[in-house]
Amino acid sequence: MTELGRIYWTRQGLRLAYATVLVWLAAAVMYALTAKVTPAGGAGPSAAAGVLRNLFDGVVAAVTLPGLAAVVLGVIGAVISSRDVRRRDPV
């Protein structure tokens, strides 16, 4: 019975951690998109491209750490679930 309790609480902890990382990811993207961008020197296609490039670079920088954490949690969850399936008693 203790094994089933460990499986349950491990899965609940992973779900909570994954939900927290997803909220962190969403907040990082929103903050990067609403950050003040310094406008480029002139008006025209190159100025628009510069602003979009700065915006894209900011979003990528903000998403790197929470995205990596989400991938790591996904891999850990897959490994733990595959081990737990093998530990269950056949019915």
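Sequence order as written defines residue numbering, which begins from 1 separately in each chain. Local features in this predicted model are restricted to residues of pLDDT 70 or higher, and side-chain atom pairs are both shown and tallied only at a pLDDT of 80 or more, whereas totals for entire chains, interfaces and linings draw on every residue. Here the side-chain values reflect all heavy atoms present in the structure, with hydrogen atoms and water set aside.

1. Structural notes on the overall build of the protein chain
Working step 1: Each helix is a run of H or I in the DSSP string that is no shorter than four residues. Each strand is a run of E no shorter than two, and both are numbered from the N terminus. Scanning the protein chain from N- to C-terminus turns up two helices and zero strands.
Working step 2: Across the 91 residues of the protein chain, 13% fall into the buried class.
Working step 3: The contact definition used throughout considers only heavy atoms, calling two residues in contact when any of these lie within 4.5 Å. Counting contacts in the protein chain only where the partners sit at least 6 residues apart, residues at least 24 apart contribute 80% of the total.
Working step 4: As displayed, the protein chain offers around 6900 Å² of accessible surface, 71% of which is attributable to carbon and sulfur atoms. The classification of residues rests on relative accessible area computed with a 1.4 Å probe and restricted to protein chains. Under 20% of the type maximum is buried, over 50% is exposed, and intermediate values are partly exposed. Residue exposure ignores everything except the shown protein chains as possible cover, and the areas themselves are Shrake-Rupley values with a 1.4 Å probe.

2. Digging into helix H1 (residues 2-34)
Quick reminder: α-helices carry 3.6 residues per turn. Residues three or four places apart thus point the same way.
Working step 1: In this analysis, the expected span of each helix is defined as 1.5 Å times one less than the number of residues it contains. Taking 1.5 Å of rise per residue, 33 residues should cover 48 Å, and H1 covers 48 Å from first to last C-alpha, within 8% of that figure.
Working step 2: Looking only at H1, the buried set comprises Ile7, Leu14, Val21, Ala28 and Ala32.

3. Quick look at the packing of aromatic side chains
Working step 1: Each Phe, Tyr or Trp ring, with Trp reduced to its six-membered ring, pairs with another whose centre is within 6.5 Å; inter-plane angles below 30 degrees give stacked pairs, above 60 give edge-to-face pairs, and intermediate values give tilted ones. Tallied over the full model, the rule gives one aromatic pair.
Working step 2: Note on Tyr8 and Trp9: the rings are 4.9 Å apart at their centroids and 80° apart in plane angle, and the pair reads as edge-to-face.
Working step 3: Here Tyr8 falls in the partly exposed class, since its relative accessible area comes to 45%.
Working step 4: Judged by its relative accessible area of 59%, Trp9 is exposed.

4. Concerning the environment of Tyr18
Working step 1: Along the chain, the position of Tyr18 falls in helix H1.
Working step 2: Assessed through its relative accessible area of 36%, Tyr18 is described here as partly exposed.
Working step 3: Separated by 56 residues in the primary sequence, Tyr18 and Gly74 have C-alpha atoms spaced 7.9 Å apart.
Working step 4: Beyond its immediate stretch of four places on either side in the chain, Tyr18 contacts Ala70 and Leu73.

5. Describing a nonpolar patch on the surface
Working step 1: Patch rule: a residue counts if its relative accessible area is over 30% and it has no salt bridge; like charges are joined within 9 Å, and nonpolar side chains (Val, Leu, Ile, Met, Phe, Trp, Tyr) within 5 Å. Whenever Lys or Arg places a side-chain nitrogen within 4 Å of a carboxyl oxygen from Asp or Glu, that contact is recorded as a salt bridge. On the surface, Leu68, Val72 and Ile76 cluster together to form a nonpolar patch covering roughly 250 Å² of accessible area.
Working step 2: Relative to the helices and strands, Val72 is located in helix H2 (residues 45-87).
Working step 3: Owing to a relative accessible area of 40%, Val72 belongs among the partly exposed residues under this scheme.

Worth remembering: the numbers are spatial, not functional.
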